[in-house]
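Spelled out from the first residue to the last, the chains are:
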Amino acid sequence: MDVTTCLKSLLLAIRQYKNSRNTLNSAQLQKQIEDVSGLKCSRFLTSGQVLPSECLSGLLEVAGDPNTSHALTGTILSLLAQLVSEDESKEALHSSYNIVGTLAAIVHWNRATPQEPIVLQCLQVLQWLTYNMRMLHCASHVDELLGFLMINVQSNNDDITKPCLGLMANLCRHNLSVQSHIKSQSNVKAFYRALINFLGHNCLTVVVFALSILSSLTLNEEVGQKLFNAKNIHQTFQLIFNITVNGDGTLTRNYAVDLLVDLLKNPKIADYLTNYKHLPVCLNEVVGLLHGKDPDTAVKVLELLVSLCSVDALRRLICETMLRPPSLRLQPGVKSGAQRRGPEPCLDLLQWATGPLQGPEQCSLLALALLTELFEEVVDSALSGSTHTFVELLLPALQGLLQAPEPREGEQLLKRHCVRAGRAMDLLLVLCGEDFLKTLVSQHMTSELCASQVELLLSNTQDFVSSNGSSTDSRLSQVCAETVLKTLELMSQLKQHVAEMETCFYQILQDHRIVMPLSLALTSNHREHVQTALRILFEAAPLPHFPAVLLGESMAANNAYQQRETELATRGGAVQEDGVTIGKSFCTGPSSPSRQNIDSLIEKLQSGMQEPMKDVHVSEIIDVYEQKISALASKEGRLQDLLEAKALALSQADRLIAQYRCQRAQAEAEARKLASLLKETERRKEELQGELSEQVLEVEKLKIDSQQLLQHNSRLQTVSDEHQNLKGTYNQLLSRYNKNEGMLKELQAAHISLTQQAEALKKSNEGLILQQERLSAELVQKEQHIAALEETVQEKCGIIAGLQAEMRKQEEQACEMEESMNILRKELSKTEQARKDASIKASSLELQKTQLEAKLQKKEEELSKHTQMIAMIHSLSSGKLKADTTANLSL
């Protein structure tokens with residue numbers, strides 16, 4: 001559920017509860033409040049729009065009713081606690097609603113039971129609401145609230161004492177009317193004694209609360225001079241620094257820093273702090289909190305350092321602590337270990353100063369203010385040489401701060417940028433006060449950057465001035481105007497050192513939009529603004545196109561507005577004077593003997609008590625007199641607050657009257673215009689009456705046409721139904737098409753891969769075909785060779801067969817010759833010659849046999865080689881040669 005719907009439901013629940021305050025409506029309202037709390041919409045609730053304003057007003061009215069149940073009031077207080085947790089929402093609640101009076105009324109109605117959770121919750125919300133906010137004493141039930149706090153501060157219950165002390169510290173701080181009212185009470189002395197007793201409390205938060213109240217009430221009185229004298233103040237300093245460095249929570253640290261800031265406004269206490277011997281060590285510890293801490297802690301530390309810089313004797317020490325190198329920061333007589341820290345404080349300060357716009361705004365502004373104070377001391381003390389390295393880091397960071405945010409980031413960031421740019425310009429102007437630093441600044445600044453900055457500020461100043469905005473917009477317009485003048489002053493100082501800066505500077509001075517910042521500054525009541533505007537005017541006056549006439553008219557208008565404000569203030573002062581006179585006449589009207597006695601006592605006191613006093617009740621009479629004077633002073637302060645509110649209301653009423661007159665003049669002009677339009681309309685009416693008769697005929701024709709169109713529409717409806725069916729079919733086909741398209745893409749990818757594989761196989765197939773052709777040619781050659789070898793083998797076989805037959809014949813002959821040898825042996829004796837012939841013949845036959853055996857062996861070797869070749873050819877050739885090869889092998 002969005003915020004607007006929730007708020008509408010909440011407003012409805014509030015109205016139902018007001019009409020009938022029963023249990024069901026109360027529970028419904030409580031549920032709606034819890035729903036709104038869960039949305040975390042604090043800024044929207046306090047935006048000033050109609051719906052959120054009605055919701056908050058209704059909730060405050062319900063909470064302010066004494067008959068409202070505690071459960072419902074507690075739920076409303078929880079929502080208010082969520083709202084006051086943000087500064088912007090808290091300011092809006094203060095300015096637009098009587099929230100303090102409502103909460104004070106809740107406390108007043110439950111004063112008999114201060115331990116109730118509703119009272120403690122209300123006091124807690126009041127404490128958050130009034131922190132760093134000035135409350136008007138004229139609000140309802142504030143006197144009763146102060147009386148309740150003074151009574152319960154003296155109780156023995158710490159649960160109620162602590163929130164009462166915190167709230168009392170907020171109310172007393174910087175509020176003279178509240179202080180006067182408290183001092184005029186009869187139990188103020190007991191209240192002081194209770195606060196002094198709290199200084200020995202074991203809770204540091206209670207001690208700080210008590211010190212804050214005592215400093216607000218008694219700092220310039222005798223009690224305060226005894227509490228904050230030279231003997232006790234050092235213990236107070238040590239306590240404050242210990243809480244700041246090692247404090248038990250952000251709340252205690254905030255109040256401790258606020259207490260020291262308030263004490264430093266007293267010159268005597270500032271002098272005591274200057275002579276405090278542990279101050280260097282404490283400063284080093286405090287500065288160390290800038291590293292790695294949360295933004296809330298950094299804000300209070302920076303606020304404390306800026307406040308310390310307001311004391312001239314302390315600014316030099318802080319400058320040395322923050323900007324000098326570690327070797328130069330060591331103080332004599334102090335242990336080096338107490339000051340040794342890892343990070344450099346100047347770098348931590350630079351980091352907080354250059355944080356993002358979306359971050360904590362107060363950290364960046366206070367860091368820039370502290371840097372301005374430190375470099376004022378650097379320029380005055382001629383310490384620029386020791387800060388050269390840090391300035392080299394600082395200037396690019398400042399250049400980045402002047403870069404305008406994106407327009408889409410919103411108006412809130414643009415406002416923050418304008419405020420921070422003004423602080424950055426203050427720092428740059430301080431740096432330009434010394435020649436060496438001015439040279440460094442000129443190296444990092446450009447004319448384009450300054451021109452874009454001035455353009456942004458002028459456009460926003462013009463927008464805010466021309467619109468009837470709120471006081472926040474008016475304040476931002478004032479800040480933009482001041483920043484424009486600071487930027488122009490910086491350009492004036494750098495125009496001789498930066499390229500094209502002089503041309504850009506004089507072009508801006510001749511822009512008619514520069515009139516508004518100059519007129520505001522020249523008619524301002526701040527001396528620095530007037531002097532800056534006069535210096536720029538001195539530069540701009542000789543220029544040919546400077547809008548001097550517009551400047552004079554704008555200044556006259558500003559003077560007239562200020563005169564009007566002065567008249568209103570004078571009227572309010574006259575009313576205040578009449579009220580005081582009435583009060584005095586009322587007090588001095590009855591000329592009673594007691595009044596004459598009081599006057600005589602005053603004369604005796606003023607004359608130095610030369611005559612002895614005979615009245616023993618003088619002190620009591622003086623107390624009565626002091627109480628009456630204090631009561632009158634408190635009443636006077638409340639009247640002053642009322643008159644201030646009345647003067648503000650009168651000024652707002654004057655603005656509303658002026659707006660009403662303007663709107664009335666516009667309304668009269670519009671009325672005259674409407675009268676002329678009425679006459680024109682009557683003339684036009686007569687013309688239209690003639691046309692009306694013609695239109696009637698056309699209407700009849702149009703009726704016939706409309707019937708035809710209705711029939712056509714029915715046909716179109718049928719076509720539309722068919723179109724819907726076709727559309728459904730189309731969607732199905734489209735989904736199938738998408739699926740098929742996905743499958744097609746997958747198949748295409750597979751086809752591409754297969755095509756690549758086919759091409760590779762084709763290439764390998766071609767190579768194999770070439771190899772096959774080559775092997776076939778070789779096979780044919782081998783077959784031819786085999787055929788030739790077969791013929792040779794056949795011839796050799798024939799020769800072998802002939803040789804074998806011849807061998808057989810020779811064997812037969814050998815047998816015959818053996819037989820013959822046997823016969824010849826027998827006949828050996830017959831003839832020797834026949835034997836020798838036979839022997840010779842036998843030896844010759846043996847030689848032939850040997851030769852034939854060698855030839856046979858050679859033929860067998862050749863046959864084996866041919867056999868191997870035939871086997872090889874058989875393995876490569878087809879199977880048709882198998883039979884022949886087998887035959888050859890058998891041979």
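Position numbers for residues start from 1 in each chain and track the written sequence from start to end. Only residues with pLDDT of at least 70 are given local features in this predicted model, and only at 80 or more are side-chain atom pairs given and counted; all residues enter the totals for whole chains, interfaces and linings. Hydrogen atoms and water are omitted, and side-chain values are computed over all heavy atoms in the structure.

1. Focus on the nonpolar core
Nonpolar side chains tend toward joint burial in soluble globular proteins. In this structure, Leu103, Phe191, Phe375, Leu398 and Leu428 are the most contacted members of the largest nonpolar core, which totals 187 residues. When neighbours within four sequence positions are excluded, Leu398 is seen to be in contact with Leu368, Ala424, Leu427, Leu428 and Leu431. Residues belong to a common nonpolar core when they are buried Ala, Val, Leu, Ile, Met, Phe, Trp, Tyr or Cys residues joined through side-chain atoms within 4.5 Å. Residue burial is assigned from relative accessible area. The probe radius is 1.4 Å, only protein chains are included, and a residue is buried under 20% of its type maximum, exposed over 50%, and partly exposed in between. By the convention used here, residues are in contact when the closest approach between their heavy atoms is within 4.5 Å.

2. Description of the packing of helix H23 (residues 345–353) against helix H24 (residues 361–381)
Angles shown run from 0 to 180 degrees and are taken between the N-to-C directions of axes, each axis being a line fitted to C-alpha atoms and, for helices, limited to the stretch in contact. The numbering of helices and of strands both runs from the N terminus, where a helix is a DSSP run of H or I of at least 4 residues and a strand a run of E of at least 2. H24 packs onto H23 with a crossing angle of 135° between their chain directions and a minimal axis gap of 7 Å. When the interaxial angle is binned, H23 and H24 end up oblique. Relative to H24, the crossing made by H23 is left-handed. On the side of H23, the interface is formed by Leu349, Trp352 and Ala353, while H24 contributes Cys363, Ser364, Ala367, Leu368, Leu370, Leu371 and Leu374. Here the residues of the contact of H23 with H24 sort into nine nonpolar, one polar and no charged. Put simply, angles under 35 degrees are roughly parallel, angles over 145 are roughly antiparallel, angles from 65 to 115 are roughly perpendicular, and the rest are oblique. Handedness of a helix crossing follows the sense of rotation of the near helix relative to the far helix, less than a right angle counterclockwise being left-handed and clockwise being right-handed. Under the grouping applied here, Gly and all other residues not named as nonpolar or charged are polar, the nonpolar ones being Ala, Val, Leu, Ile, Met, Phe, Trp, Tyr, Cys and Pro and the charged ones Asp, Glu, Lys and Arg.

3. Quick notes on the pattern of salt bridges
Think of a salt bridge as a Lys or Arg side-chain nitrogen and an Asp or Glu carboxyl oxygen that are within 4 Å of each other. Scanning all chains against the criterion turns up 24 salt bridges. The salt bridge partner of Arg416 is Glu361, with a shortest N-O separation of 3.8 Å. Of this pair, Arg416 sits in helix H26 (residues 411–431) while Glu361 sits in helix H24, and the two are 55 residues apart along the sequence. In this structure Arg416 comes out as buried when scored by relative accessible area, which is 13%. For the salt bridge of Lys495 with Glu539, the shortest nitrogen-to-oxygen distance reads 2.9 Å. A residue pair is termed long-range when its members are at least 10 positions apart, and Lys495 in the loop between helix H29 (471–494) and helix H30 (501–509) and Glu539 in helix H32 (residues 527–540) qualify at 44 residues. Ionic contacts of the salt-bridge type, sharing partners, join the residues Arg173, Asp258, Asp262, Lys300 and Glu303 into one network.

4. Describing a nonpolar patch on the surface
Without a salt bridge and with relative accessible area above 30%, a residue can belong to a patch; like charges are then joined within 9 Å and nonpolar side chains (Val, Leu, Ile, Met, Phe, Trp, Tyr) within 5 Å. For the area figures, the Shrake-Rupley method with a 1.4 Å probe applies, and any residue is considered shielded solely by the protein chains shown. Together, Tyr730, Leu734 and Tyr737 give the surface a local cluster of nonpolar side chains, amounting to about 330 Å² of exposed area. Mapped onto the elements, Tyr737 comes out in helix H35 (residues 618–828).

5. Observations concerning empty space enclosed by the protein
Buried and open spaces are told apart on a 1 Å grid over the protein atoms alone, a cavity being a set of points where a 1.4 Å probe fits but cannot get out and a pocket being an open set with protein on both sides within 12 Å along at least five of seven lines. Residues with an atom within 4 Å of a point are the lining residues. Grid points are joined across faces, edges and corners, and a volume is the space filled by probe spheres set on the points. Overall, the coordinates contain two cavities of 30 Å³ or more when judged by the stated rule. If you go around the largest cavity, the residues you meet are Pro356, Leu357, Gly359, Glu361, Ser364, Leu365, Arg416 and Arg420. Among the elements that make up the lining of the largest cavity, the one with the highest residue count is H24 (three residues). A per-class count over the lining of the largest cavity returns three nonpolar, two polar and three charged.

6. Some remarks on helix H17 (residues 267–274)
All buried positions along H17 are accounted for by Ile269, Ala270, Tyr272 and Leu273. One side of H17 carries all its buried residues, which in axial view fall inside an arc of 155°. The exposed residues of H17 that point more than 90 degrees off its buried face are Pro267 and Lys268. Among the structural elements, helix H15 (233–246), helix H16 (250–264), helix H18 (279–288), helix H19 (295–309) and helix H20 (312–323) are those in contact with the buried residues of H17. In protein, a polar contact means a hydrogen-donor-capable atom and an acceptor-capable atom, both N or O and within 3.5 Å, with residues adjacent in sequence counting only if both atoms are side-chain atoms; elsewhere, any N or O pair within 3.5 Å suffices. For H17, the side-chain oxygen to backbone nitrogen distance between the N-cap and Lys268 is 3.0 Å, and the N-cap itself is Asn266. Within this analysis, the arc is defined by the directions that extend from the helix axis to the C-beta atoms.

7. Quick word on the packing of aromatic side chains
Two aromatic rings from Phe, Tyr or Trp, using only the six-membered ring of Trp, form a pair when their centres are within 6.5 Å; if the ring planes differ by under 30 degrees the pair is stacked, by over 60 it is edge-to-face, and anything between is tilted. Under the defined criterion, the tally for this structure stands at six aromatic pairs. Taking the centre distance of 4.7 Å and the plane angle of 80° together, the rings of Phe209 and Tyr255 count as edge-to-face. Taken as a pair, Phe209 in helix H13 (residues 204–218) and Tyr255 in helix H16 lie far apart in primary sequence, 46 residues in all. Comparing Phe209 with Tyr255 shows no difference in burial state: the two are buried. Note on Phe505 and Tyr506: the rings are 5.4 Å apart at their centroids and 50° apart in plane angle, and the pair reads as tilted. For Phe505, a relative accessible area of 0% corresponds to the buried category.

8. Here we look at the packing of H18 against H19
The geometry of H18 relative to H19 is characterised by a closest axis approach of 9 Å and an angle of 140° between their N-to-C directions. In terms of orientation, H18 and H19 fall into the oblique class. Seen from above, H18 lies across H19 with left-handed handedness. Of H19, the residues touching H18 (which contributes Leu283, Val286 and Val287) are Val301, Leu304, Leu305 and Leu308. Taken together, the residues that form the contact of H18 with H19 break down as seven nonpolar, no polar and no charged.

9. Quick look at the confidence of the model for the protein chain
Note on scores: pLDDT gives the predictor's confidence for each residue, bounded by 0 and 100. Summarising the model, the protein chain shows a mean pLDDT of 80, and 85% of its residues fall at 70 or more. Overall, residues 463–470 carries pLDDT values under 50, and its contacts beyond four positions in sequence, including any with other chains, amount to eight contacts.

10. Structural notes on unusual backbone geometry
A positive phi angle is found at Asn132, which is not glycine, with a value near 60°. When you line up the elements, Asn132 lands in the loop between helix H8 (117–130) and helix H9 (142–153). Assessed through its relative accessible area of 45%, Asn132 is described here as partly exposed. The phi dihedral of His174 falls on the positive side, at around 60°, and the residue is not glycine. Among the structural elements, His174 can be located in the loop between helix H10 (158–172) and helix H11 (176–183).

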